[in-house]
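# Observations on the model geometry
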Amino acid sequence: MKIGEAQKAYRQQISLLRGQKRDFVKQREENRKKLEEARKKSEEQGVIFEFSEAYLEREKELQEKIDELSGQINKNEKTLDELIEQEAGIFNSVVAEQQGDAWKEYGEEMAKCLEIARRISRGDRVPAQDEKKLMDFNMDIYKMAKEMAAMNMEGEHKEWDSLWGEEEEKEYADPFEESQNAETNVEMPEGMEAEASGDAAAPSE
């Protein structure tokens, strides 16, 4: 299962469990309200109020349900936190790799531009595209190389081929998509496995 799919499933499950918990809390409050009303009525009638076993049993039952759901919510929230950490780790790894590639490319570009400056300063001829690369990289270095070239007009000068071949723009993957689509060993939330298997087994119309 992909990390993004797992996060979606756990968020849905947590939302469902929280809704169920709210319902049981509401029922517990209603049960307590009825118990309080019964107590007040007994006092008004001047009789000794005794806790009804039905009220107490219902209170216990509802509290158990609330505690159970709280435990399930905490468990699913912990798993969701783990999935978010997995996603962040993969995202940062992809970004770091892309930044490393960018620095490597920058270093290679700088080395080529400095070589072009060296060639120009000796009075050698370089392709126009290489001159433009140097101008774009650092205009001050380009001007300095040209000034030195003017002082080195005499003697033999080489003609160089371009240091750049046909350039293809490198495309980088979206770190968010990469981290969302990475596989995780986290299983579906409890209760959703049956739904998933039921959907898979349902005949197509």
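Remember, predicted model here, so these are calculated numbers, not experimental data.

### Section: the packing of aromatic side chains
Going through the model one piece at a time under the given rule, you end up with 2 aromatic pairs. Their ring planes at 40° and their centres at 6.1 Å tell us that Tyr-106 and Phe-137 sit as a pair that is tilted. In this pair, Tyr-106 sits in helix 2 (residues 53-121) while Phe-137 sits in helix 3 (residues 128-137), placing the two residues 31 residues apart along the sequence. Tyr-106 gets classed as partly exposed once you look at its relative accessible area, which sits at 41%. Among the aromatic residues, ring-to-ring pairing joins Trp-103, Tyr-106 and Phe-137 into one connected group. In this arrangement the basic side chain of Arg-119 is found over the ring face of Trp-160, its NZ or CZ atom lying 3.6 Å from the centre.

### Quick word on the side chain of Asp-130
Turning to its location among the elements, Asp-130 is positioned in helix 3. Although Asp-130 lies buried, it forms no salt bridge, and the closest oppositely charged side chain, Arg-119, sits 5.2 Å away as judged by the N-O distance.

### Overview of the pattern of salt bridges
One pass over the full model with this rule turns up 12 salt bridges. Measuring nitrogen to oxygen at the nearest pair gives 2.9 Å for the salt bridge that ties Arg-58 to Glu-61. Here the residue Arg-58 and the residue Glu-61 both occupy positions in helix 2, the gap between them amounting to 3 residues, near one helical turn. The exposure class of Arg-58 is partly exposed, given its relative accessible area of 29%. Residues Asp-124 and Arg-122 are paired through a salt bridge, measuring 2.9 Å at the closest nitrogen-oxygen approach. Via salt bridges that share partners, Arg-28, Glu-29, Arg-32 and Glu-59 belong to a single interconnected network.

### Thoughts on the confidence of the model for the protein chain
Mean pLDDT over the protein chain: 84, with 87% of residues reaching 70 or higher. Confidence over residues 196-205 falls short of pLDDT 50; this stretch has 1 contact with residues more than four positions distant or in other chains.

### Here's the deal with a nonpolar patch on the surface
A cluster of nonpolar side chains, namely Trp-103, Tyr-106, Met-110 and Leu-114, defines an oily patch on the protein surface of about 460 Å² accessible area. Tracing the sequence through the fold places Met-110 in helix 2.

### Regarding the environment of Glu-190
With respect to the helices, strands and loops of the structure, Glu-190 is situated in the loop between helix 5 (175-181) and helix 6 (192-201). Looking at Glu-190, the relative accessible area reads 53%, which means it is exposed. Distance in space between the C-alpha atoms of Glu-190 and Tyr-10 is 9.5 Å, their sequence separation being 180 residues. Once you skip the residues sitting within four places of it in the chain, Glu-190 turns out to touch Gln-13 and Lys-75.

### As for the nonpolar core
Counting residues in each nonpolar core, the largest one holds 10 residues, listed as Cys-113, Ile-116, Ala-117, Ile-120, Val-126, Leu-134, Tyr-142, Ala-145, Ala-149 and Trp-164. The leading source of residues in this core is helix 2, at 4 residues. Ignoring any residue separated from it by four or fewer positions in sequence, one finds Ala-145 in contact with Ala-117, Ile-120 and Ser-121. Grouped together as the second largest cluster of nonpolar side chains are 6 residues, Tyr-10, Leu-80, Leu-83 and Val-186 included.

### Digging into a negative patch on the surface
A surface patch of like charges, here negative, comprises Glu-53, Glu-57, Glu-64, Asp-67 and Glu-68. Structurally, Glu-68 is set in helix 2.

The rules behind each value
Residues numbered from 1 in each chain as written. Predicted model: local features only at pLDDT ≥ 70, side-chain atom pairs only at ≥ 80, totals over all residues. Heavy atoms only, no water. Phe/Tyr/Trp six-rings, centres within 6.5 Å; stacked < 30°, edge-to-face > 60°. Helix = DSSP H or I, 4+ residues; strand = E, 2+ residues; numbered from the N terminus. Buried < 20%, exposed > 50% of the residue type's maximum accessible area, 1.4 Å probe, protein only. Lys NZ or Arg CZ within 6 Å of the ring centre and 35° of its normal. Lys, Arg positive; Asp, Glu negative; His and termini not counted. Salt bridge = Lys/Arg side-chain N within 4 Å of Asp/Glu carboxyl O. pLDDT = per-residue confidence, 0-100. Contact = heavy atoms within 4.5 Å. Patch = residues over 30% accessible without salt bridge, like charges linked within 9 Å, V, L, I, M, F, W, Y side chains within 5 Å. Areas by Shrake-Rupley, 256 points an atom, 1.4 Å probe, with all protein chains shown as cover. Core = buried A, V, L, I, M, F, W, Y, C linked by side-chain atoms within 4.5 Å. Charge placed at Lys NZ, Arg CZ, Asp CG, Glu CD.

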